[in-house]
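# Coordinates in review
Residues per chain, in single letters:
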Amino acid sequence: MLRLISVLACGAVLVAGCATADAGRPAGDALTVGLAAPVSCLDPHQTPQTSNLHVSRQLVDSLTDQDPRTGEIVPWLATSWQVGEEAKRFTFTLRDGVTFSDGTPLDAAAVVANLDDIAKLGARSPLGAGYLAGYAGASALDAKTVEVRFDVPSGQFLQATSMVTLGMLSPGTLGKTPEQRCAGTLAGSGPFVLDRVALNEEVRLSARTGYAWASELATHRGAPRVRTLTFAIVTDPSVRHGSLLSGQLDADLQVLEQNQRSFGEQGPRLLSGTRPGIVFTLLPNETRPALHDLSVRRAIGAALDRSRFAPLLAAGERPATDVLATTTPGYADRSADLAYAPDEAVRLLDAAGWRRGPDGVRVKGSQRLSFELVYSANEPYGSVYQLMAQQLAEAGIELRPTPLDDATNSARQGAGDYDFVSWAVTRGDPTVLATVYPVRSANPQRRTKPDEVDSTIAEIATVLDPAERAEAVAAAAEAIISGGHGIPLFEQASSIGLAARVTGVRLDASGRPIFQDAEVRA
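In this report, we go over the structure that sits alongside the text. (Residues numbered from 1 in each chain as written. Predicted model: local features only at pLDDT ≥ 70, side-chain atom pairs only at ≥ 80, totals over all residues. Heavy atoms only, no water.)

## Examining the packing of aromatic side chains
Heads up, the rule is: Two aromatic rings from Phe, Tyr or Trp, using only the six-membered ring of Trp, form a pair when their centres are within 6.5 Å; if the ring planes differ by under 30 degrees the pair is stacked, by over 60 it is edge-to-face, and anything between is tilted. The secondary structure listing takes helices from DSSP runs of H or I that are at least 4 residues long and strands from runs of E that are at least 2 residues long, numbered from the N terminus. Relative accessibility decides the category of a residue: with a 1.4 Å probe and only protein chains considered, values under 20% of the type maximum give buried, values over 50% give exposed, and everything between is partly exposed.
Across all of its chains, the model carries 12 aromatic pairs by this definition. When the centroid spacing of 5.0 Å and the interplanar angle of 70 degrees are considered together, the rings of Phe90 and Phe157 count as edge-to-face. Of this pair, Phe90 sits in strand 5 (residues 89–94) while Phe157 sits in helix 4 (residues 157–160), and the two are 67 residues apart along the sequence. This pair shows no difference in class: Phe90 is buried, exactly as Phe157 is. Aromatic side chains Phe280 and Tyr381 sit 4.9 Å apart centroid to centroid with 55 degrees between the ring planes, which places their arrangement in the tilted category. Of the two residues, Phe280 sits in strand 13 (residues 277–284) while Tyr381 sits in the loop between strand 18 (370–376) and helix 10 (382–393), which places them 101 residues apart along the sequence. Side by side, Phe280 and Tyr381 carry an identical accessibility label, which is buried. The rings of Phe90, Phe92, Tyr135, Phe150 and Phe157 are connected pair by pair, giving a single aromatic cluster.

## As for unusual backbone geometry
Leave glycine aside and you will find that most residues have negative phi; peptide bonds, for their part, are mostly trans. Although it is not a glycine, Ala87 sits at a positive phi angle of roughly 55 degrees. In this structure, Ala87 sits in the loop between strand 4 (78–83) and strand 5. A positive phi angle is found at Asn443, which is not glycine, with a value near 50 degrees. The residue Asn443 is located in the loop between strand 20 (420–426) and helix 12 (452–462) in this model.

## Thoughts on a negative patch on the surface
To keep it simple, the criterion reads: Within the patch definition used here, like charges are joined within 9 Å and nonpolar side chains (Val, Leu, Ile, Met, Phe, Trp, Tyr) within 5 Å, considering only residues with over 30% relative accessible area and no salt bridge. Residue-level accessible areas treat just the shown protein chains as cover; the underlying method is Shrake-Rupley with a 1.4 Å probe. By convention in these notes, a salt bridge is any Lys or Arg side-chain nitrogen within 4 Å of a carboxyl oxygen on Asp or Glu. His is not counted, nor are the chain ends, whereas Lys and Arg count as positive and Asp and Glu as negative. Note that the charge is assigned to NZ on lysines, CZ on arginines, CG on aspartates and CD on glutamates.
On the surface, a cluster of negative charge is contributed by Glu459, Asp465, Glu468 and Glu471. Structurally, Glu459 can be placed in helix 12. Given the relative accessible area of 38%, Glu459 is considered partly exposed.

This is the structure:
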């Protein structure tokens, strides 16, 4: 996979000034976006990866939308809804006149087919499986009315209907294989349609003529103002930033902290928002003998000085103070539980029988306290991992950050061939915890026995009273932190650099850019 692939027809990097494929279009007719990681799957029902969902969000609409300022759920494809007394039954009334890009009407039967598809995908839809936990089926009561049923109360489902994973695809698309859909054989109801797909190079979208059913949060309700929206894969952050400053990119979807000073009142500007959901978290493989030891997991958390991460993070990102980001309902300041406590780390390890060896790394019998952290080489956090390794070394713990190509990283994570991985999951609801921590979830910790973590997280989804829900979130967070099942590192942010001539781009409640409103001034 090439480190840098642009939309240029020539082989030079973007800052070299070669003519682009859109050079013949009128000024303001096209918008080119720099994407920090390759696109591997365009089917929103399947993919959990941020780079993929940035693109998919432009192709599909959702039943509802969520106001990023207030958390309120507002109409989109559904004009209204009713929630049953125990949140086991949801009834949606659909907007008139909506169609998919292949011409098929978006009616109640299509919505039912989409929900059934996500449920059928099972493990292929790691996010969707959580959103539809307890799903008992859906019915088209008439052409414009959908009823969705759950076996247990689902206090999280209404918010889930705003997520891109539950975005609507045409019935024809649902008949394709999962592999075909990932590769881009799909039609949604969104404001853009696929034009060209080269998953490791670029994804080019075209504005959909006649689009007229944007979210209530949109300021421009009609078809996109730009005719062409191109996502160019530019993994090198310095090249991406330089290309934005030189005018060859209209947007950079991942601005690093060291480049933030380039933005001001004149020239390119910065659009930032903290992503809700699970913060970027170090997750231990608890089947590893040393990581099965609670004292070791807790010592690792105590040995990390998160305040020192700040200079290495992207604009808008900050050290974690909870398992959830500050923009997530249920967040509470638990910084005292995440405080830097090197003396406590030493005490825990000493008490557990881990002694420093000749090279400074602690040992117990034949075991060395040495761990490998696997991650994608495309991640921007390598410098953070190196700093973490230095901090842990002071406590006698060896951490070996290991960057891998995407295919190898996915294979090793899927096989459980790692000591540590780092994950974050975006969602504006505390039930996002259910996607990572319970035994019956993605479960990167490889936990085998359900315990308090599982029961408290399950309660979040079923409790409707706000006060009781807050108590359930607090109990879940306490169980995660005290059990060392997740070691929160930092909050992620959507930090987007925009050229001065670009207006109308907004961030949704998950921090994903929406380009339906965008305009490029000549």
